[in-house]
Amino acid sequence: FSSLWPNMRARVVYSLLFVTVLVVFSESFCFASSTTTKNTAVSQALQRGRRRYLLEEKPTASDARIHLHRSLFIPPKEGEEEKEKGEKETQKSENEWRGAETKTLANLLELEQKYGKMMSDFREQKGGGMSLADLDRIGDEYRAASRAHHEELERAKSMLGKEGGDRDSGDDRRSDDSDESTIPRTDGGIDNNENIDVNDRATRERFFKARARKEDDELIVFAVGDTRDHRRVTKDPAIATISTDFVANVALNLKAMGIEHYVVVASSKELCETLKTRYAEVFGEYGSCGFSTAYTENAQQLEKWNLKVGDMFLLWMQQWLFVSQAMEYGYSVMRVDSDVVFLEDPYKIINGPLMSPFRVISQTDLFAANTRPKCDRKVDKATLTEERKRYSAALGNDIVLCDDAVPNALLNIGLIYFRKSTLTPHKETALYDFFVKLNGKFQSILEDQNADGNAERLLDQPIFRDVMNQFFVGSFKVATAGDGMTSMYQHNACPHDDANECEIIQKERKVTALSFVEISKQPRNLGDAIVPELVLGAPDWFFGRGCLRGVADGTKTVRSIRDMMTKANLDKSEYPIGKDTCPANPRAGTSMRAPGKAARGGGLVAVHAVYSKAKKRVDAMRALGWWRLDEDSTTTQKDDDACENNSGNANGILFTHTYFRQNEIGYKAFVCAGKPKAVGQCACCSGVPEITLEKELKFIEYAADDQIRPVGNTEKLQRVAHGCGALDDFNGGWNEFWN
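Along every chain, residues carry numbers that run from 1 in the direction the sequence is written. Thresholds applied to this predicted model are a pLDDT of at least 70 for local features of residues and 80 or more for the giving and counting of side-chain atom pairs; totals over whole chains, interfaces and linings are not thresholded and use all residues. Calculated side-chain values reflect all of the structure's heavy atoms, with hydrogen atoms and water omitted.

The numbering of helices and of strands both runs from the N terminus, where a helix is a DSSP run of H or I of at least 4 residues and a strand a run of E of at least 2. If you tally the helices and strands in the chain, you get 20 helices and 18 strands. Per-residue burial for the chain yields a buried fraction of 59% across its 739 residues. Put simply, 79% of the contacts in the chain that link residues at least 6 apart link residues at least 24 apart. When the accessible surface of the chain is summed, it comes to about 30,000 Å², and 48% of that surface belongs to carbon and sulfur atoms. Here the term buried applies to any residue with accessible area under 20% of the maximum for its type, exposed to any over 50%, and partly exposed to those in between, with areas from a 1.4 Å probe on protein chains only. Contacts were defined at the residue level, with two residues in contact if any of their heavy atoms lie within 4.5 Å. With residues, only the protein chains shown are counted as cover, and all accessible areas are computed by Shrake-Rupley using a 1.4 Å probe.

Next comes the structure, spelled out in structure tokens:
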């Protein structure tokens, strides 16, 4: 029964929706077109994608370009013309699919009739008129009923003991033998005989089914190990124990936002047991943690590279194999370093009008000032070249191309998102070819007969960049949000309660330019793909680099700087980061405060404090109110905004970010000290002017054993600090921010 599910589910609902979708959207959406054949093909492909989208209360042209929009139905991937074959044949197929009359089927049929009547009323505006929101609501009910009936068929098939084959329909290879009845227990423990090796296909499929978000096929992947990576074993030994705290903190962070579709690929089964036991709240469910035996078959190969099973170089290779396999099964995947903090739900932006045209969204490394993209000259659409017309059609009217380029956009794989293909089977895309080549590259290096024992050659960051660069078509281009983009969020759903905050954030984000490049199947020919596969160098407010320095006498320093800024008339109410200027956050946890404009860091979404020691990152998360593992995170202070709640550590943290380079003087860096009253609320912070603060600001460093000691050369550190190294002409303060 279930093998017929995808096509028949499409036919049943497609017949109900097809006319309405065309009526509602034909006048609401205008797709860019051109007289050229290629641009016509782009428009046609986007129009095909348009039919996947659920009706919303206020549909916009931007909504039509959201490839991962939650769907009420899935059109047939091949032979859409079958819908015209006749009522008799269609009815026969429906009966074959539905099987025996059951309660779930009866509910499904009832909802179909109800939905059809509501659509008729909507078209004819009977009974006072039917809104699109009403249709959306009944659509949600139908989807839930449809899923319930599907699961019933799956259970029936399992009871009959039939062997499940692959549903190989284009890019969807999910196997029927991984139904929910086979998912092991979820009480937090691991049976000795329980297989959690994701290198095993059946286990991997059960993991996907147990953990992926069903409504939109999203998955988040972490990798956690014992960090025997020959770099930090002496440089940052504390991370060996802190790494598990990091992944627990980000999992709790995501769970507070209602996001639980993550999987940890660990270096061993024993580490999964530790995570499940120590952090049962976030890793107690089956599929939340597994390990992999991939690349470990040949012990002699590993010895040549001075590697052991469980080493981080192997783990990184294993996680990329797992990511590529998830994509082959039809999932979108966000690969996240465990020390990342999310200040709001990233999917509302990923699926919004700004980022929905992009197949890959990656953090980029920004160091020296000229590495941050800028849009100095917007392109006149009347003078677009054929190449730019193609990109303009793909990006839509709300994104404007710029006559600028980014010479060196370095992708950082610590935060990267891969979107599933909705218009083309995954195996026919450039992204599929990329993963084949990436995994092959890892394997070929591992099998190199001239291995010199230097495992650094297996470091995944440079290998990833090298392989991805081979798929680039030309250099990175620059674009920016247009004036017509009123919101970057999916369905204009700003997650902050204060409309003024949303307005400030939107204004700040629009200042930031975007960098992007096309990837193409090899040999690289521009225009091979009807709709270009685009890689976005994520704006730094979305996936960005934060920088940290230790500061002595944290609370005292904050107060001293505040007094000085007040006297200099620099403390502006537009920047609610001082005493009595940061309002309480009614949704603390689901969206978090950060120093900067609107008390949201000007709109920061995900902060990745790369190139900083582990202990310092934990201290920073505590000081900023982003750490969730402390038992007591409240303060008894009533008069001050957390500035006295710092008994555990008298020192503070200087927090800066590449995004702050566009801020006004005095707000390119912030000193924070003391935990807020609750996670996600206002921390004890003050902006730091660029003018010399030699008296107020004294830096400290974290020694190799994580002991803290004062640091000299404050003039150099002052210059590096602002805007995460914006004033450092060489490398943006890479070394200065480490310890």
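Once the structure has been displayed, the description carries forward.
Now for the pairing of strand 1 (residues 218-224). Most of strand 1 sits out of view: 7 of its 7 residues are buried. Burial along strand 1 is two-sided: the face carrying E218, I220, F222 and V224 and the face carrying L219, V221 and A223 are both buried. Where strand 1 lies against strand 4 (residues 332-336), 4 bridges are found, and the strand directions are parallel. Its bridge partner being in strand 4, V221 is matched across the sheet by R335. Strands qualify as paired when DSSP identifies two bridges or more between them. Pairing analysis gives 5 bridges linking strand 1 to strand 2 (residues 262-266), with the strands arranged parallel.

Now for helix 15 (residues 430-446). Side chains of residues three or four places apart in an α-helix project in the same direction, reflecting 3.6 residues per turn. Taking 1.5 Å of rise per residue, the 17 residues of helix 15 would be expected to cover 24 Å, and the 24 Å separating its terminal C-alpha atoms lies within 8% of that figure. By the burial criterion, the buried members of helix 15 are A430, L431, Y432, F434, F435, L438, N439, F442, I445 and L446. Given the number of residues in a helix, its expected span is that number minus one, multiplied by 1.5 Å.

If the charged atoms of two oppositely charged side chains come close together, the side chains can form a pair. Salt bridges, as used here, are contacts in which a Lys or Arg side-chain nitrogen is within 4 Å of a carboxyl oxygen on Asp or Glu. Tallying each qualifying case throughout the model produces 24 salt bridges. The salt bridge partner of R359 is E533, with a shortest N-O separation of 2.7 Å. A residue pair is termed long-range when its members are at least 10 positions apart, and R359 in the loop between helix 13 (347-350) and strand 6 (360-365) and E533 in strand 11 (residues 533-537) qualify at 174 residues. The partner of R593 in a salt bridge is E501, with the nearest N and O atoms 2.9 Å apart. Placement of the pair is R593 in the loop between helix 18 (554-567) and strand 13 (606-608) and E501 in helix 17 (residues 499-511), with a sequence separation of 92 residues.

Count a disulfide wherever a pair of cysteine sulfur atoms falls within 2.5 Å. For the structure on display, the rule yields 5 disulfides. Disulfide pairing is shown between C375 and C402; the S-S distance is 2.0 Å. Linking C375 and C402, the disulfide has an S-S dihedral of approximately -100° and is accordingly described as left-handed. Remark: C402 occurs in strand 7 (residues 399-406) and C375 occurs in the loop between strand 6 and helix 14 (386-395); sequence separation between them is 27 residues. On the accessibility criterion, C402 (0% relative accessible area) is buried. Between the sulfur atoms of C494 and its disulfide partner C502 the distance amounts to 2.0 Å. Its torsion about the S-S bond being -90°, the disulfide of C494 and C502 is classed as left-handed. Given the relative accessible area of 24%, C494 is considered partly exposed.

This next bit is on the side chain of E501. The exposure class assigned to E501 is buried, which follows from its relative accessible area of 6%. In protein, a polar contact means a hydrogen-donor-capable atom and an acceptor-capable atom, both N or O and within 3.5 Å, with residues adjacent in sequence counting only if both atoms are side-chain atoms; elsewhere, any N or O pair within 3.5 Å suffices. Reaching out from E501, the side chain makes a polar contact with the side chain of R600 at a distance of 3.0 Å.

This paragraph deals with the pairing of strand 9 (residues 472-481). A large share of strand 9 lies buried, amounting to 8 of its 10 residues. With 6 bridges joining them, strand 7 and strand 9 adopt antiparallel strand pairing. Bridging across to strand 9, V400 finds its partner in T480. Strand direction decides the pairing type here: strand 9 and strand 10 (residues 514-519), joined by 5 bridges, are antiparallel. Paired with F472 across the strands is I519, a residue of strand 10.

Packed helices, taken two at a time, are described by the angle between their axes plus the distance between the axes. Contact pair helix 8 (residues 239-256) / helix 19 (residues 614-624): the axes reach a minimum separation of 10 Å and the direction vectors enclose 35°. Considering only the axes of helix 8 and helix 19, their crossing is left-handed. Within the contact between the two elements, helix 8 uses I239, I242, F246 and N249 and helix 19 uses A614, K615, R617, V618 and M621. For the contact of helix 8 with helix 19, a count of residues per class yields 6 nonpolar, 1 polar and 2 charged. Inter-axis angles, ranging from 0 to 180 degrees, are taken between N-to-C directions of lines fitted to C-alpha atoms, where helices are fitted over the stretch in contact. Crossings are classed by handedness, with left-handed meaning an anticlockwise turn of the near helix from the far one by less than a right angle and right-handed meaning a clockwise turn. Each residue gets one label: Ala, Val, Leu, Ile, Met, Phe, Trp, Tyr, Cys and Pro are nonpolar, Asp, Glu, Lys and Arg are charged, and the others, such as Gly, are polar.

Any segment with low pLDDT has predicted coordinates that should not be analysed in fine detail. For every residue, the predictor reports its confidence as pLDDT, a number between 0 and 100. Of the residues in the chain, 70% reach a pLDDT of 70 or more, and the chain-wide mean stands at 76. Note on residues 1-99: pLDDT under 50 across the span, and 186 contacts to partners over four residues away in sequence or across chains.

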